[in-house]
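What follows is each chain in one-letter form.
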Amino acid sequence: MCGLLCAIGLKKAGIDVHIFEAAPKFDEIGAGVGLGPNALRALKELGVLDAVLLRADERVPTERSFTFVTGAGAHEHIYDYPTLPQDVGIGIYRPAFLEALLPLLDPLITHFNKRCTSISCSDQGTHALHFADGTAHETDLVVGADGIRSVVRNFVVKNEPDPLVFSNTVAYRALVSADVLESAGVKTNLRQRPVCFVGDDRHIITFPIQGKKMINIVAFSTNSRLLVGSVTIPLPWVESVSEKELLDEYAGWGNDARIILGHIQQPSKWYIHYLDPPLSSYIHQRIVLIGDAAHAMAPHLGSGVGQGFEDVFVLCALLGHPNTRKANLEAAIRTYDSIRRPRANMVLRQSSMAGEIYEAHGKDGETIQSLRHKLKGIWAPVWHHDLAADIVTVMDSLHARKARL
Ligand SMILES: Cc1cc2nc3c(=O)[nH]c(=O)nc-3n(C[C@H](O)[C@H](O)[C@H](O)COP(=O)(O)OP(=O)(O)OC[C@H]3O[C@@H](n4cnc5c(N)ncnc54)[C@H](O)[C@@H]3O)c2cc1C
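Keep in mind the model is a prediction, meaning the values are calculated, not measured.

## Notes on the nonpolar core
1) Next: Among the nonpolar cores identified, the biggest contains 132 residues, and Leu35, Leu43, Phe68, Phe309 and Tyr358 are the most heavily contacted of them.
2) Next: For this core, the element with the most residues is helix H10 (residues 329–358), which contributes 11 residues.
3) Next: Two domains share this core, each providing at least three of its residues, namely domain 1 (2–69 + 81–159 + 281–400) and domain 2 (164–275).
4) Next: Residues within four places of Leu43 in sequence aside, it is in contact with Leu5, Leu35, Val48, Leu49, Val52, Phe97 and Phe309.

So this is what it looks like as structure tokens:
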């Protein structure tokens, strides 16, 4: 999602771009993704929001804030996260996002079956990307948008151990029809807004997508007795599990939660990984990381893609700036790092903390009152940041110092 958006944004900024994709075609998993107000602002700045909304079955963004209820018992109401009028977002089926973006992309710049295996640097400062099929491509700037298991990241964090760790949390993901769940007796309103069922080491997120016809479900379960990073999970980090295993995991949970989980057919279990510690740089020479390659985070604030979109907006604004030249590319990407790294790393850390809040209910004397208190304002730093103002501030200060960029 981030690489494609970046190619479109750079091309619009008049930059010669090529995409090298390891897969034989663009593809996305059949699940939903929530995009908050900050993600939509980035899409708007990049001029693609209308195209995305057309495919989102939600022509007008709606309130995205969560209702929190207990997972066990009668799903006691805990908290409705309050919103300002501008706190709107969308839930979108991931393949629909690709369908929205693909018509905006020049097919001639896309190269499939190109798995990048290494990057080398010439004396002139250009980089050569080397691919598994034995070919190579020389370029002035590499943008690594190659996801959580980024190869490009190895060339940015060269002398540090890979910070990608297993979070000790697994997620079961599914899409189920809202009509089916309601007919089966679910009383919680899953269509109106996202819902988080909280519990001891477990929580379930639901949100409506596809015009509120389908409910996107992600059920999380954590082994909090383990230290993060102490367990290594073999690839591919996704496995099929029985319906019984899933229901056993949520033994003792309330009626609606068990009906929702009982409707997940052929469940799959995802081992959630993230970067810990966060990267100390998103750049090296003329290599830049965006999206999960830079800041893979736990999904508990629903903000991984949104942070990637912010990366793209800032990178395109800087690289497309009239003062940016080949000669000052490195200054431009240092500016990118200075704007994006503190913010995205903050969201990365807060995402893990949000997961701990959702899974504290029923633990160590945690009451509904204290939970409510901790939930207050958790999305504010993600949703209410003015990224465009950051860019203006950086440009002004560079201008004042008479620096080119
Ligand atoms: C359970 C779960 C729920 C989530 N929910 C949300 C949510 O609601 N909202 C939100 O904002 N985020 C959410 N996220 C996070 C979000 O999914 C990620 O942040 C996002 O998909 C990252 O996008 P990306 O473009 O950076 O990477 P990817 O989508 O992983 O894309 C990487 C691309 O690079 C290609 N590639 C990989 N290696 C190479 C190589 N060596 N050479 C060439 N190509 C390569 C891949 O084929 C792929 O096309 C969730 C994550 C999980 C696990």
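Now that the structure has been shown, the text picks up again.
## A word on the side chain of Arg94
1) Next: For Arg94, the position within the fold is in helix H4 (residues 94–101).
2) Next: Notably, Arg94 is buried but unbridged: the nearest opposite-charge side chain belongs to Glu28, and the N-O separation is 4.1 Å.
3) Next: Excluding anything up to four places from it in sequence, Arg94 contacts Met1, Glu28, Ile29, Ala31, Gly32, Val33 and Arg173.

## Quick look at the packing of helix H9 (residues 304–319) against H10
1) Next: Running from N to C, H9 and H10 cross one another at 160°; their axes reach a closest spacing of 10 Å. Between H9 and H10, the crossing angle belongs to the class labelled roughly antiparallel. For the crossing formed where H9 meets H10, the hand is right-handed. From H9, Gln307, Glu310, Asp311, Val314, Leu315, Leu318 and Leu319 reach across to H10, where they touch Leu329, Ala332, Ile333, Thr335, Tyr336, Ile339, Arg340, Arg343, Ala344 and Val347.
2) Next: Each residue belonging to the contact of H9 with H10 can be placed in one class, and the counts come to 11 nonpolar, two polar and four charged.

## Some points on helix H1 (residues 2–12)
1) Next: The buried fraction of H1 is high, at eight of 11 residues.
2) Next: Among all positions in H1, only Cys2, Leu4, Leu5, Cys6, Ala7, Ile8, Gly9 and Leu10 are buried.
3) Next: Elements in contact with the buried residues of H1: strand S1 (19–20), helix H2 (37–45), H4, strand S11 (142–144) and H9.
4) Next: Directly beyond the C-terminal end of H1, a positive phi value near 85° is found at Gly14.

The rules behind each value
- Residues numbered from 1 in each chain as written.
- Predicted model: local features only at pLDDT ≥ 70, side-chain atom pairs only at ≥ 80, totals over all residues.
- Heavy atoms only, no water.
- Core = buried A, V, L, I, M, F, W, Y, C linked by side-chain atoms within 4.5 Å.
- Buried < 20%, exposed > 50% of the residue type's maximum accessible area, 1.4 Å probe, protein only.
- Helix = DSSP H or I, 4+ residues; strand = E, 2+ residues; numbered from the N terminus.
- Domains from an automatic or database assignment.
- Contact = heavy atoms within 4.5 Å.
- Lys, Arg positive; Asp, Glu negative; His and termini not counted.
- Salt bridge = Lys/Arg side-chain N within 4 Å of Asp/Glu carboxyl O.
- Axes fitted to C-alpha atoms, helices over the stretch in contact; angles between N-to-C directions.
- Parallel < 35°, antiparallel > 145°, perpendicular 65-115°, else oblique.
- Left-handed = near helix turned anticlockwise from the far one by under 90°.
- Nonpolar A, V, L, I, M, F, W, Y, C, P; charged D, E, K, R; others polar.

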